[in-house]
Amino acid sequence: MDVNEFRRRGKEVVDAIADYYENLDSVPPLSAVSPGYLYKIMPNEAPEDPESFEDIQADIKTKIMPGMTHWQSGNFFAWFPSNSSFPAILGDMYSSMFNIVGFNWICSPAATELETVVMDWLGKLVGLDKRYMGIKDDGTEGTGGGVIQGTASEAHIVVMIAGREKALERLKAQGLSEDDADKMRYKFVAYFSDQTHSAGQKAANIIGCKTHTVPTGDDLRLTKQALRAAIAADKAAGLIPFFVCGTFGTTNTTAIDDLPGIAEVAESEHMWNHVDAAYAGAALVCPEFRPLAAGIERADSFNFNAHKWMLTNFDCSALWVADSTHLVNALSIHREYFPPAEDSTSFVKNYRDWQLPLGRRFRALKLWFVLRMYGASGIRAHIREHVRQAKWLEEKLLADGRFEILAPTVFGLVVFRLKASAISKSDKDGDLESLNKANTDLVAYCNEDGRLFMLSTQLKGVVAVRVAIGSSFGTQKNVDLVLDVLKESASKVIAEF
Ligand code: PLP
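Rules used throughout
Residues numbered from 1 in each chain as written. Predicted model: local features only at pLDDT ≥ 70, side-chain atom pairs only at ≥ 80, totals over all residues. Heavy atoms only, no water. Helix = DSSP H or I, 4+ residues; strand = E, 2+ residues; numbered from the N terminus. Expected span 1.5 Å × (residues − 1). Buried < 20%, exposed > 50% of the residue type's maximum accessible area, 1.4 Å probe, protein only. Contact = heavy atoms within 4.5 Å. Phe/Tyr/Trp six-rings, centres within 6.5 Å; stacked < 30°, edge-to-face > 60°. Lys NZ or Arg CZ within 6 Å of the ring centre and 35° of its normal. Pairing = 2+ DSSP bridges. Axes fitted to C-alpha atoms, helices over the stretch in contact; angles between N-to-C directions.

A few points about helix H5 (residues 109-125)
Over its 17 residues, H5 extends 24 Å from the first C-alpha to the last, a length consistent with the 24 Å expected when each residue adds 1.5 Å. Every buried residue of H5 is accounted for by Ala111, Thr112, Leu114, Glu115, Thr116, Val118, Met119, Asp120, Leu122, Gly123 and Leu125. Buried positions along H5 lie against strand E1 (145-149), strand E6 (301-305), strand E7 (317-321) and helix H13 (364-400). Downstream of H5 by a residue or two, Gly127 has a phi angle that is positive, lying close to 75°.

A closer look at the packing of aromatic side chains
Working definition: an aromatic ring pair is given by the centre-to-centre distance plus the angle between the planes. In this structure the tally under the stated criterion is 26 aromatic pairs. Taken together, a centroid distance of 6.0 Å and an interplanar angle of 40° make the contact between Tyr94 and Phe369 tilted. Taken as a pair, Tyr94 in helix H4 (residues 86-98) and Phe369 in helix H13 lie far apart in primary sequence, 275 residues in all. Judged by relative accessible area, which is 42%, Tyr94 ranks as partly exposed. Taking 6.4 Å as the distance between ring centres and 90° as the angle between the ring planes, the aromatic pair formed by Tyr279 and Phe411 counts as edge-to-face. In this pair, Tyr279 sits in the loop between strand E5 (272-276) and E6 while Phe411 sits in the loop between strand E8 (403-405) and strand E9 (413-418), placing the two residues 132 residues apart along the sequence. Judged by relative accessible area, Phe411 falls into the buried class, the value being 0%. Grouping aromatic residues by their ring pairs yields a cluster made of Phe80, Phe248, Tyr279, Phe289, Trp309 and Phe411. When the ring centre of Tyr132 is taken as reference, the NZ or CZ atom of Arg131 above it lies at 5.5 Å. Across the ring face of Tyr445, the terminal group of Lys492 is positioned such that the distance to the ring centre comes to 4.3 Å.

Things to note about the sheet that holds strand E10 (residues 455-459)
The antiparallel open sheet is built from four strands, whose spatial order is E8-E9-E11-E10. With one partner strand each, in any of the chains shown, E8 and E10 form the two edges of the open sheet. Strand-to-strand twist in this sheet, taken as the mean axis angle between neighbours without regard to direction, amounts to 40°. Looking at chain direction, E8 and E9 are connected through three bridges and run antiparallel. Each residue of the ladder has a partner; that of Ile405, found in E9, is Phe416.

Description of the environment of Asp219
Inspection of the secondary structure puts Asp219 in the loop between strand E3 (210-214) and helix H9 (224-236). The partly exposed category is assigned to Asp219, whose relative accessible area is 43%. Along the sequence, Asp219 and Gln201 sit 18 residues apart, while their C-alpha atoms lie 22 Å from each other.

A few points about the sheet that holds E3
Strand order in the open sheet formed by seven strands is E1-E7-E6-E5-E4-E2-E3, with mixed pairing between adjacent strands. Two strands bound the open sheet, and with one partner strand each, they are E1 and E3. Each strand of the sheet is rotated relative to its neighbour by a mean of 20°, with strand direction disregarded. Pairing analysis gives five bridges linking E1 to E7, with the strands arranged antiparallel. Note on E7: the bridge partner recorded for Gly145 is Val321. Relative to the sheet, helix H10 (residues 259-269) contacts strand E4 (240-247) and E5, its axis offset from that of E4 by approximately 165°.

Structural data, given as structure tokens:
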């Protein structure tokens, strides 16, 4: 393909993308193909000779499209949203144009410096403490800073490595030799709650430390008391607490852990304190949500996915550390083929030392486009509208009388179930098994309807329906639909009981 054909085809592709977005609501959001559908219709080998753009374009329609689950549909209510937006797509097009591997400043000074700038912008926008800024108000370099990771899972691994480094340094400061400190690694314990995302456990599996899953109470929050009890038991057994993750907006219910309490414990135990706000962190652009996030200012690291609920195409996971020393010490490795000293002067971050891989894409561009083309006011309006829609749905479900809300609706997630009295004649709790079956069926019927996609989860054995509102392209009419389908499906379930 030469540049002239690229010019022509590029415009066709942009048209196809615009058509796709215009028609998204008319397509079932959940793919209906069976496993293996594509293997069966694909050739066994890559083509020997070049094929035409038209043939590939046709295959996108006939072979790929049927196997797509449409995350950008306004009728996608599963997991959490994964926002895209036209400004972000345009930014990403520029990123593809440059196609850099920006591990060091010199690999593309603009890529490094724009990332430092937009991460400070974003940090200020969500009200982060000054400790997290890459550049201080007086223009000098901060001890902390932000970095764009691919995912919250990668952020988890990176900060756990930093936490381990901090713990090792502390052991050495207490007089242990490098070797003896190293031998203590197997005693290191990371703390999570039973509601922490699996990313925490995965990070622990990767770095090879022990984990302690701390039980939550009925409100599904990790508390200071439960954390203290877990730590005391482990210390009595000779183990070394080194890392704790509090969550601002858990995956199951968007519960918010006792972040000030966790900070207090982490400080007294010298542990690394990470706050995972993968989904709900975006809400902090609105000042009214900030009181809920008290305690974040005392953490060592904070992460949220701009690609979940902040209009920025996947992947764009924003991570801040208050002090990058341990992170950089743990991940910085010098080799002769890396460019020398001019890289490590002030204001210049070698982001290869802030992440797992060496190479990195120019992801700051799409975030820059989003921050500039929506402005803070546009992003706030985006968040507030989804929260309004979620509260509206909650109200309508309660007014219906057959549903009960199982967790407070704080952000865009509504967690509920058909209540016992709706499926049995008595008002009692009924048996959990039947109630769980009724709610599993409810979600199955809603999805079988074909017009939307939602999921259930389990809260300590209780099946709960999760409707996650937050599509960049969703409007009130999509939430009207979800209510209609839920009501129809509920009637079907009740008729069968
Ligand atoms: N943490 C929380 C609270 C999440 O909800 C999720 C995903 O939904 C993750 C972490 C993992 O996110 P990622 O896919 O970016 O690794």
